[in-house]
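Fold and geometry: a report
Spelled out, the chains give:
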Amino acid sequence: MTKRMRGNALLLLAAFIWGLSFVAQSEGMKYIGPFAFIGIRSMLAGVSLAAFLGIRAFIGRVRKKREKGVCNTEEYTEEQKQERKKALLFGGISCGIVLFAATMLQQIGILHTNEPGKAGFITALYLILVPLAGIFFRKKIGVKIWVAVILGVCGMYLLCITEGFQIATGDLYLLGCAFVFTVHILVIDRFSPKTDGVAMSCIQFLLCGALGVIGMFLTETVEFSHVLEAWLPLVFSGVFSGGIAYTLQIVAQKDTEPAVASLLMSLESVFAVFGEWLILGQFLTAREFGGCALMFAGILLTQLPEKKQKKPSEI
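Residues numbered from 1 in each chain as written. Predicted model: local features only at pLDDT ≥ 70, side-chain atom pairs only at ≥ 80, totals over all residues. Heavy atoms only, no water.

1. Quick look at the overall build of the chain
Quick note on the threshold: The helix count covers DSSP runs of H or I at least four residues long, the strand count covers runs of E at least two residues long, and both are numbered beginning at the N terminus. Relative accessibility decides the category of a residue: with a 1.4 Å probe and only protein chains considered, values under 20% of the type maximum give buried, values over 50% give exposed, and everything between is partly exposed. Any two residues having at least one pair of non-hydrogen atoms within 4.5 Å are treated as being in contact. Method for areas: the Shrake-Rupley scheme with a 1.4 Å probe, in which residue coverage is limited to the protein chains shown.
From N to C terminus, the chain includes 13 helices and zero strands. Reading the chain from its N end, one meets helices and strands in the order α-α-α-α-α-α-α-α-α-α-α-α-α. Counting the 315 residues in the chain, one finds 44% classified as buried. Considering only residue pairs separated by 6 or more positions, the chain has 89% of its internal contacts joining residues 24 or more positions apart. Here the chain has roughly 17500 Å² of accessible surface; of this, 66% comes from carbon and sulfur atoms.

2. Looking at the nonpolar core
Worth spelling out the cut-off: By nonpolar core we mean a set of buried residues, namely Ala, Val, Leu, Ile, Met, Phe, Trp, Tyr and Cys, connected to one another through side-chain atoms within 4.5 Å.
Core analysis: the largest hydrophobic core is formed by 45 residues, its most contacted members being Phe121, Ile122, Leu125, Met156, Leu159, Phe181 and Met295. For this core, the leading source of residues is helix α3 (residues 78–113), giving seven residues. In contact with Ile122, other than residues within four places in its own chain, are Met156, Leu159, Cys160, Asp171, Leu174, Leu175, Ala178 and Met295. Counting residues in hydrophobic clusters, the runner-up holds nine residues, among them Ala245, Leu248, Ala252 and Leu264.

3. What to know about the confidence of the model for the chain
Threshold: pLDDT is defined as a per-residue confidence score from the predictor, taking values between 0 and 100.
Of the residues in the chain, 88% reach a pLDDT of 70 or more, and the chain-wide mean stands at 82. Taken as a whole, residues 311–315 scores under 50 in pLDDT and shows one contact with residues more than four places along the chain or in a different chain.

4. Thoughts on the pattern of salt bridges
Which entries qualify depends on this criterion: Salt bridges, as used here, are contacts in which a Lys or Arg side-chain nitrogen is within 4 Å of a carboxyl oxygen on Asp or Glu.
With the rule as written, the count across this model stands at two salt bridges. For the salt bridge of Lys30 with Glu27, the shortest nitrogen-to-oxygen distance reads 2.8 Å. Owing to a relative accessible area of 53%, Lys30 belongs among the exposed residues under this scheme. Between Arg56 and Asp196 there is a salt bridge, with its nearest N and O atoms 2.2 Å apart. Residue Arg56 is located in helix α2 (residues 34–66), and its partner Asp196 is located in the loop between α7 (169–191) and α8 (197–219); the two are separated by 140 residues in the primary sequence.

5. A look at the environment of Ile244
Tracing the chain through its elements places Ile244 in helix α10 (residues 231–252). Taking C-alpha positions, Ile244 is 7.8 Å from Ser48, a pair spaced 196 residues apart along the chain.

6. Re the packing of helix α1 (residues 3–28) against α3
Quick note on the threshold: Fitted lines through C-alpha atoms serve as axes, helices being fitted only where they are in contact, and the angles separating the N-to-C directions of these axes extend from 0 to 180 degrees. For classification purposes, an angle smaller than 35 degrees is called roughly parallel, one larger than 145 roughly antiparallel, one from 65 to 115 roughly perpendicular, and anything else oblique. For any helix crossing, the convention is left-handed if the near helix is rotated counterclockwise from the far helix by under a right angle, and right-handed if that rotation is clockwise. Classification used: nonpolar for Ala, Val, Leu, Ile, Met, Phe, Trp, Tyr, Cys and Pro, charged for Asp, Glu, Lys and Arg, polar for all others including Gly.
Between α1 and α3, the least distance of the axes is 9 Å, while the angle of their chain directions is 70 degrees. One finds that α1 runs roughly perpendicular with respect to α3. The two elements α1 and α3 cross, and the hand of that crossing is right-handed. Counted together, Phe22, Gln25 and Ser26 of α1 and Gln106, Gln107 and Ile110 of α3 form the full contact between these two elements. Its residues assigned to classes, the contact of α1 with α3 comprises two nonpolar, four polar and no charged.

7. A few points about the packing of α1 against α10
Where α1 contacts α10, the two axes come as close as 9 Å, and the packing angle between them is 160 degrees. Comparing their axes, α10 and α1 come out roughly antiparallel. Crossing of α1 against α10: the hand is left-handed.

Right, dumping it as structure tokens:
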């Protein structure tokens, strides 16, 4: 298996885990509140990433001992190390706060809709909103993006608007979640090139978990027996969706083209519908399925690579 094939397979596995996580979130909310779920799952994700970082550091030290005397050059200067530490701290804190806001909206939305597949597609709108956000940075928005926006809006109408021209409360929360996840992606885009992405994710999950635990103690009454009943959704959402899937993404994207990676990761919305049918025995109506199809078409459109313009010398 080539590196590219392995990378694509790992991203597909990550998308599958993320898709099933919507079902896990829906099931976990039957036992504990949104703050408790976010707090515990995020802490589990942070701890699993910390374990990964520890193992990676140990392997790195072993390699350095083996290579001692062969190459003893520092990768970064002291000034660069300080800059990376600042980026790690500010990036981790910023991402953690935004991630908490996004996941909180998502949890409340899932609680009100109780339809993981639908929640997956509405959340995935961030894939359309991210390129659209370029307007605020004075970037030119092509026809492809505007067509994707139209498809997304039409899909949202079929998926969320009832015959009485009303939108459910849960759908509004999920739509807000998509907007906040857009901000989250832009924040990651700003800080991740300047520091270690996995370490920054570890900090963001731990901070998000701490905020969730604080909210849990302030607003919810949680019994330990209820947490034990929700252990499987919590472990899956925390360790697998947060820790393992994110690490798979980091490893896989080194050998996968960005356009292909985005396409594969966008399949999480499809896997969310699949998981809802396979695990919960629920399925979307024909109208909702049509809405999902339009939204997914818009998502795929935004991820297609741009045609390279020929240089004058090539014409």
